Amino acid sequence: MTEQTQPDKITRTAHRICPICEATCGLVMEVDDANRTVDFIRGNKGDVLSGGYICPKGVAVKELHDDPDRLRTPLIRRGGNLEPATWDEAFAEIKKRLTPLLRKHGPQSMGIYFGNPSAHKQSLGMAIGPFLKSVGTSNIFSASTLDQMPKQVSCAYMFGDPLAFPVPDIDRCSYLVIMGANPMVSNGSLWTVPDFRGRARAMRARGGKIVVIDPKNTETAKVADAHLPILPGSDAYFLLALIQTMFDENLVDLSHLEGKVAGFDEIQTLAQDYTPEAVSSVTSIPADSIRRVARNLSKTKNAALYARIGTSVSVLGTTVSWLVDVVNILAGNLDREGGVMWGMNVSAPEPASEGKSDFRVGRYTSRVSGYPEVMGEFPAIALAEEIEEPGEGQIRALVTIAGNPALSAPNGTRLSRALDQLDFMVSLDIYLNETTRHADVVLPGVSSLEEFHYPAIFQKLAVRKVMRYSPPIFDIRGDRPSEWEILNRLSLIVSGQDDDVDVEAFDHQAVSGRIKAMSNEGGPLEGRDPAEIIEMMGDKRGPERMIELTLRTGPYGDLFGARPDGLTLQKLIDTPDGIDLGPLDEAFEAVVSTPSGKIELAPGPIMEDLPRVRTIFEKKKVASQNDGLLMVGRRHVRTNNSWLHNLPLLAKGKFKGALQIHPADAASRALRDGDKADISNANGKVCVEIEISEDMMPGVVSLPHGFGHVFDDTNLSVATNTPGVNSNLLASDKDIDPLSGTSALNGIPVQVQSVG
Ligand SMILES: Nc1nc2c(c(=O)[nH]1)N[C@H]1C(S)=C(S)[C@@H](COP(=O)(O)OP(=O)(O)OC[C@H]3O[C@@H](n4cnc5c(=O)[nH]c(N)nc54)[C@H](O)[C@@H]3O)O[C@H]1N2
Ligand SMILES: Nc1nc2c(c(=O)[nH]1)N[C@H]1C(S)=C(S)[C@@H](COP(=O)(O)OP(=O)(O)OC[C@H]3O[C@@H](n4cnc5c(=O)[nH]c(N)nc54)[C@H](O)[C@@H]3O)O[C@H]1N2
Ligand code: SF4
Ligand SMILES: [Mo]
C-alpha cells in the first residue's frame, strides 16, 4: 500500500458571508487551497453588518465543507439500494424514468417540494422559479407553509407585496416587544439582525426597553426588561386587546401615515369586545400588563412590535401577522425611524402595469382536499394525500430540493409511506437523510463554499442598508455541476428540450429575455444594445449574471456605465467587508403597491375570517380550564432545523432534543429530570428524555423539531448517535391556518406520561 501524503498547504485569507441563517454574518476564513479545506473561521470585525459577531454554526461551516458524509457523487437506486453513479448516468436515469411518465400522465403527475436552504443559496434559489415553470405543474409545496407564509399573505394584502416585511429598526428603537421569537438563539428571522445580543445591549444602554411575550423564559427573555408568559395560540387575543386599549385610551396616532391608510373605520370597532380583562384568562397575561404594553408602544417615540415563528405556525398565523402590523400602524410606528421599517431594495421597480391587481389566493385548488393555492403553492401537509389518492392528477413523481419534509412537516410517518409509493423520486440535496433516502436518484449539491454567496433576500430584511457579496472560495472540480446547472438540466429534461438545447443556451435565453424587457421604453436599459450589456458582464453565467444585471440596473447600480459612480458586482467583490449605505429610510412610496395605493388596514379575506377568530376565542375560554399540556418548539444555537446534526462541533455537549417541562408538571406526573417519558396525542406518540426547567410556563412543554435520525438507510454517522425524536409526529396534518395553508406546529395538545 502506498502511503497517502497531504500536499503542502497553500494558505490564504478569504472573506465569506455565512450561508447558514438569516443573520448573514461576515466570516473570515483561513483557507488551504492545496487541500481544498478551511483551516479556521472567525467573525469578520470589519463586516459592515455583523461587526465580527459569529455563532458556533458559522465556525462549523468548515466541518460542513469537510463532512465525509456529505454527498459528492450522484446516487441511483439499483436493486433496492442507492449506489454511486456518474452525472451522465444520473441524468440519463432521470430522463429514462421521467419522460414516459410525464408523457403519459401530464405535468400534474409531478410534484415539487423545496426547503429552507433554497433561500440561502442563490445558485439554487434563483433556478427554482424557471424549473417550476418548465414542469408546468401546480403540485408545488415548500417549507413556506411550515414557516412564514402567513406573514407573506398579510403583507400582500396590506402592502401589496408579499415580501414587504417590516423589520424593527433596533439600532434606533427605544421600546421593542418580541412575540414568539428567540433571536438570541435563532439570530433573527424575517429580520436580519446579526449580533442581536450586542444590539439589544446597546439599546438598553441607551435607556431602551425590551419585552418578550413567550410561553418560555427564553434566552431572549433573559436579556430583556420584562417577560410576559403567554399561553400558546392566544397571541391574536393579546393583540386585539392592545388595539382595544389603544382606541379606548385615545392612543391611536395615524398622523405619520395621514392619507396613506384605508380601512380605518372597520378597525375601530373590530376589537371592542376584546378588552384586556376579557382576554386575560385566555392569554394568561394580566390586564394591566396588556394596557402597559399598549401605552408604551403608542407613547414611546421609537417603538416596535415584532412577532415570528411561535405566532406564525398556528391556525391563526395570518391573523396574528396582520394584527402585529395593525398595532404598529395604529401606534404610529410603521415606516418610521426607530419603529418598524422596510428594508433596502436593490432592484429596479417593475414597470408600472395597467391597474395593479389585487393579491388573491385560491386561484385554483388542490385535487384531493380542495386547499386553495397560496402564492402558487399548496400546503405542505397536502403532499402526502396528493401522492396517495389515485386518479387524474395524482402525483407519481416527486422532486425534492433542499428540503427534509419527512422531519420538518407533520406526520412524517404517513409522508414517508407515501414517498415509497411514488413511481419515481429525485432529490437535490447534500445529505442522504430521512427524506432523500426515499429517492430513486439523489443529486448532490456542491459545498456552499464552491458557490458564490449573495444574501439577496436577507439584505432586504436587514436592519441597515448594506450590500455584500462573496465569490466562491473553491472552484468546482471535475464534472460536478453547480446547483443552478443541475436545475437547468432538469428543466430541459422535463420540457423535452435536452437534446436540442444545452444549459448554456438555456441560461443565455433567460438573461437575454430579461435584458430585452429592461431595454423597453421606460426600462432602465432603454435604448441600450442588449449584446453590449451581455458583453459587459464578461464570463459571468447563471444566477451570478442575473444578480449583476439586477444590481447594475437598480437604484444603486452603474446602469452599465451610464452612472459611473454606481455599483457593479466587481465593486462588491472588491469590498469584502460590504458596503454600508446607512440606516433604513422611510419607504412608503417605494413599497406600498396595493390597488388603492394605500395600506389596507382591513383586508377583505382577513375580515371575513373574523368569526372563526371569535369561535376559537370562545373555545379557549373553556379549554384554559382543563389540565392538558400544550407543546411548543424551540431552537438551539448549535442546530439548524434538521440538517446540522451531523457536524461534531455542533453535536457535542448536552442532548438538545429533550422535552422541557415545568417542575410542577413533572412532579404531578412523577417525572424526574432525565427520565424518559411518552408524549402522545391523537396524531402519534414519541418517547424522549425530559428536562425539568423553571423556564417553562406551567402547562406548556417544549420539544424541538428536526430530530428523529433513526433510519438505517441514511448516511448521517454523527447525527444518528443522538437521534432524538421527530416532534412533528405529534403535529396534525389537518390543522392549518386556512388563509395561508400553513401548519399549526405550536400549541399542540399532548399528554406526557412516565414510561413504566
Ligand atoms: N414542529 C416544528 N416544525 C417545523 C418548525 C418548527 O418550528 N416546529 N419550523 C419550520 C421551519 S421555520 C422551517 S424553515 C422548516 C424547514 O423545512 P425543510 O426546509 O424541509 O427542512 P430542513 O431541515 O431545513 O432541511 C433542509 C434540507 O436541505 C439540505 N441542504 C442543506 N444545504 C443544502 C445545499 O446547499 N444544497 C442542497 N441542495 N441541499 C441542501 C439538507 O441536507 C436538508 O435535507 O421546518 C419547519 N418545521
Ligand atoms: N440556531 C438556530 N437558528 C435558527 C434555526 C435553527 O434551527 N437553529 N432555524 C432558522 C429558521 S428556519 C427560522 S424560521 C428561524 C425562527 O426563528 P424564531 O422565530 O426566533 O424561532 P424560535 O427560536 O423557534 O423561537 C420561537 C419562540 O416562540 C415561542 N412560542 C411557541 N408558541 C408560541 C405562541 O403561541 N405564542 C408566542 N408568543 N410564543 C410562542 C417558543 O417558546 C420560542 O421561544 O430561526 C432560524 N435560525
Ligand atoms: S448567526 Fe447565522 S449567519 Fe451568523 S454565524 Fe451563526 S449561522 Fe452563520
Ligand atoms: Mo424557517
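Residues numbered from 1 in each chain as written. Chains lettered and ligands numbered in written order. Predicted model: local features only at pLDDT ≥ 70, side-chain atom pairs only at ≥ 80, totals over all residues. Heavy atoms only, no water.

Asker: Quick question: what am I supposed to make of the site of ligand 1 here?
Answerer: As a structural note, the neighbourhood of ligand 1 is formed by 29 residues, with Tyr113, Asn116, Asp429, Glu483 and Ser642 the closest of them. The separation between a nitrogen atom of ligand 1 and a polar side-chain atom of Asn728 is 2.7 Å. When isolated, ligand 1 has an accessible area of 920 Å², and the protein chains bury 96% of it. Those elements that place two or more of their residues in the shell around ligand 1 are helix H16 (405-408) and strand S16 (424-429). (Near = heavy atom within 4 Å. Polar contact = N/O pair within 3.5 Å; in protein donor to acceptor, adjacent residues only side chain to side chain. Areas by Shrake-Rupley, 256 points an atom, 1.4 Å probe, with all protein chains shown as cover. Helix = DSSP H or I, 4+ residues; strand = E, 2+ residues; numbered from the N terminus.)

Asker: Could you clarify how one ought to interpret the site of ligand 3 in this entry?
Answerer: As a structural note, the neighbourhood of ligand 3 is formed by Cys18, Ile20, Cys21, Ala23, Thr24, Cys25, Ile54, Cys55, Lys57, Gly58 and Asn187. Taken together, the residues of the shell around ligand 3 sort by class into seven nonpolar, three polar and one charged. (Nonpolar A, V, L, I, M, F, W, Y, C, P; charged D, E, K, R; others polar.)

Asker: Would you mind showing me how to read the sheet that holds strand S6 (residues 110-114) here?
Answerer: Paired through backbone hydrogen bonds, the strands of a sheet run either parallel or antiparallel to each other. On the basis of which strands lie adjacent, the open sheet formed by seven strands has the order S5-S4-S17-S16-S15-S6-S7 and mixed pairing. At either margin of the open sheet sits one strand with a lone partner, and together these are strand S5 (81-84) and strand S7 (140-142). Taken pair by pair, the neighbouring strands of this sheet meet at an average axis angle of 20°, ignoring direction. In the sheet, strand S15 (residues 397-401) pairs with S16 via five bridges, with the strands oriented parallel. Across the sheet, the residue bridging to Thr400 is Ser427, located in S16. Each of S6, S7, S15 and S16 touches helix H4 (residues 122-135); the most contacted strand, S6, lies at about 165° to it. (Pairing = 2+ DSSP bridges. Axes fitted to C-alpha atoms, helices over the stretch in contact; angles between N-to-C directions. Contact = heavy atoms within 4.5 Å.)

Asker: Can you walk me through the sheet that holds strand S1 (residues 11-17) in this structure?
Answerer: One open sheet accounts for three strands, arranged S1-S2-S3; its pairing is antiparallel. The open sheet has two edge strands, S1 and strand S3 (37-43), and neither has a second partner. On average, adjacent strands in this sheet sit at an angle of 25° to one another, irrespective of strand direction. Pairing geometry for S1 and strand S2 (residues 26-32), over seven bridges, is antiparallel. Its bridge partner being in S2, Thr11 is matched across the sheet by Asp32.

Asker: How should I be thinking about the packing of H4 against helix H19 (residues 483-494) in this particular structure?
Answerer: Any two packed helices are characterised by how steeply their axes cross, that is the angle between the axes, and by the distance between the axes. Where H4 meets H19, the axes come as close as 8 Å, and the angle between the chain directions of the two elements is 5°. Considering the angle they form, H4 stands roughly parallel to H19. From H4, Ser123, Leu124, Ala127, Ile128, Pro130, Phe131, Ser134 and Val135 reach across to H19, where they touch Glu483, Trp484, Leu487, Asn488, Leu490, Ser491 and Val494. Of the residues that constitute the contact of H4 with H19, the class distribution is ten nonpolar, four polar and one charged. (Parallel < 35°, antiparallel > 145°, perpendicular 65-115°, else oblique.)

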